[in-house]
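# A look at the structure
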Amino acid sequence: MGRRGQSGNGGGGDAGVLLDTAVRGVVTAPEEGLDLALDTGASLLAASAGSWPAVSRAALGHADTAVGRCWSAGWRPADLVRVVRRDLKPVHLALAVDLIAAEGRRHPAAALDRRWQDQLRELEAEVWWPSDEAYLSGFAQRHRLDRFALATVLLELLRSWGRLPPIAPVGPAPGRATHSARAEQRQRGPVAGEPRMLSRIRALLAKAESTDFPEEAEALTAKAQQLMAQHSIDEALLAVEGADPHAPGALRIGVDNPYEGPKTMLLDAVAAANRCRVVWAKEFGFCTVIGFDADLDGVELLYTSLLVQATHAMQQAGARQHLDGASRTKAFRQSFLVAYAARIRERLTEATERTTSEAAAGRHLREDGTAEQLVPDERLLPALKARTEAVDHEVGRMFPKLVSQRVRVSDGEGWAAGRAAADRASLRGRSGEIRG
């Protein structure tokens, strides 16, 4: 782990003052004056090889403050990386991950919630440099940059983060995480922080991903969807008994161009079937999913899988239409994905309603996928209704000013092909990475 430099103004001394001045000039510069501000600031920082170690220490100290300010404003590691990926270049992305890792040295693992830790693992955010004074030199060598080019990249990144507005938080910032016996029990599960039922679901989905037989995949993943619904039901009854005091939570899932509108519709379809709500922040390229913790992980898994399936099916359908003389236009693909999302919504809703009806009648699905007959529990439907109302209330609290948006369909062939592909889709999730 790298040796900590001083923080505050970026390490103290002339380097810290120069860095603060350069960052302030770049962050406040209008677009028409940005190039001049970048050139001026980068020239100041890169002017002397002898002061470069002090600039390096100051840069990491300044990043502590800049990144910490983003955490306080509701942003999370995956969010900051998503902003950089959308607006800047790969070298900015590498620098962003390093600065997040550097700031992370301030927080022990116990101060971070489960999803925060998951995001850091996915980003592979780690301190690889031997000391803060050596960081910029090591980064420049890795990415073949001179001092001026690296100083420019640093300033561009800090401008991007420094201009982000506050957003609705989807969990506690570092140091504010709450702990309970149930959360601690989850940390000891087969996957860190994951309930046993979700591990079973993940195993089913992984098996469905690996089979070459569509019928087997569909059977496995339909069973996974049933388990997701049953898990939600079990959690609702625990809440009635007072064993689960958790309120609704939230997570963010990236939704990228092209066809971000239909992709958001698909996510909303998965979320609605699992008693969650979706709010789309188009300008930042993500959706916020609001629901109970028992449902959020399943939504993320299933959406990731269905999006991959939809993209593959759309490409195949477009190729067939092209061979038949029809065009593979943007309208075709847009209509395809809208229809796919609409049909998936119908299929998932039917599966959830069927599982709920069976549960209300006393038929319970165990974690191993087998069923048992219990005495019908008349508390179930009121409990599920209460959780739906709690989610709606949380949406209203987090987003008091929501507007609806229509997604247009202008290609009949795309619509028909999309519904057909959704009928063929396996309701499975991926066991691979999850981006927020």
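Right above here is the structure, for reference.
Everything quoted here is computed from the prediction, not taken from an experiment.

## A closer look at helix 15 (residues 380-398)
Across its 19 residues, helix 15 extends 27 Å between first and last C-alpha, which sits within 8% of the 27 Å expected from 1.5 Å per residue. Looking only at helix 15, the buried set comprises L380, A383, L384, R387, V391, E394, V395 and M398. Looking straight down helix 15, one finds its buried side chains confined to an arc of 120°; they lie on one side. Of the exposed residues in helix 15, those oriented more than 90 degrees away from the buried face are L381, K385, H393 and R397.

## So, the side chain of E133
Note on placement: E133 falls in the loop between helix 6 (114-123) and helix 7 (135-143). What makes E133 buried here is its relative accessible area of 18%. Among the polar contacts made by the side chain of E133, one reaches the side chain of R57 at a distance of 3.3 Å.

## Considering the nonpolar core
Membership of the largest hydrophobic core comes to 59 residues, with the highest contact counts inside it found for W75, L80, L95, L99, L155, W161 and L164. For this core, the secondary-structure elements that each account for two or more residues are helix 1 (13-28), helix 2 (34-46), helix 3 (52-72), helix 4 (77-87), helix 5 (90-104), helix 6, helix 7 and helix 8 (147-162). Among the elements that line this core, the one with the most residues is helix 3, at 10 residues. Setting aside its immediate chain neighbours within four residues, L155 contacts A22, V23, V26, L38, G41, A42 and L45. Ranked by size, the runner-up nonpolar core spans 38 residues in total, among them L251, A271, A273 and V299.

## Topic: the packing of helix 4 against helix 6
With their axes 8 Å apart at the nearest point, helix 4 and helix 6 run at an angle of 40° to one another. The angle between helix 4 and helix 6 places the two elements in the oblique class. Of helix 6, the residues touching helix 4 (which contributes P77, A78 and V81) are W116, Q119, L120 and L123. Its residues assigned to classes, the contact of helix 4 with helix 6 shows 6 nonpolar, 1 polar and no charged.

Reading guide: rules and limits
- Residues numbered from 1 in each chain as written.
- Predicted model: local features only at pLDDT ≥ 70, side-chain atom pairs only at ≥ 80, totals over all residues.
- Heavy atoms only, no water.
- Helix = DSSP H or I, 4+ residues; strand = E, 2+ residues; numbered from the N terminus.
- Expected span 1.5 Å × (residues − 1).
- Buried < 20%, exposed > 50% of the residue type's maximum accessible area, 1.4 Å probe, protein only.
- Arc of directions from axis to C-beta.
- Polar contact = N/O pair within 3.5 Å; in protein donor to acceptor, adjacent residues only side chain to side chain.
- Core = buried A, V, L, I, M, F, W, Y, C linked by side-chain atoms within 4.5 Å.
- Contact = heavy atoms within 4.5 Å.
- Axes fitted to C-alpha atoms, helices over the stretch in contact; angles between N-to-C directions.
- Parallel < 35°, antiparallel > 145°, perpendicular 65-115°, else oblique.
- Nonpolar A, V, L, I, M, F, W, Y, C, P; charged D, E, K, R; others polar.

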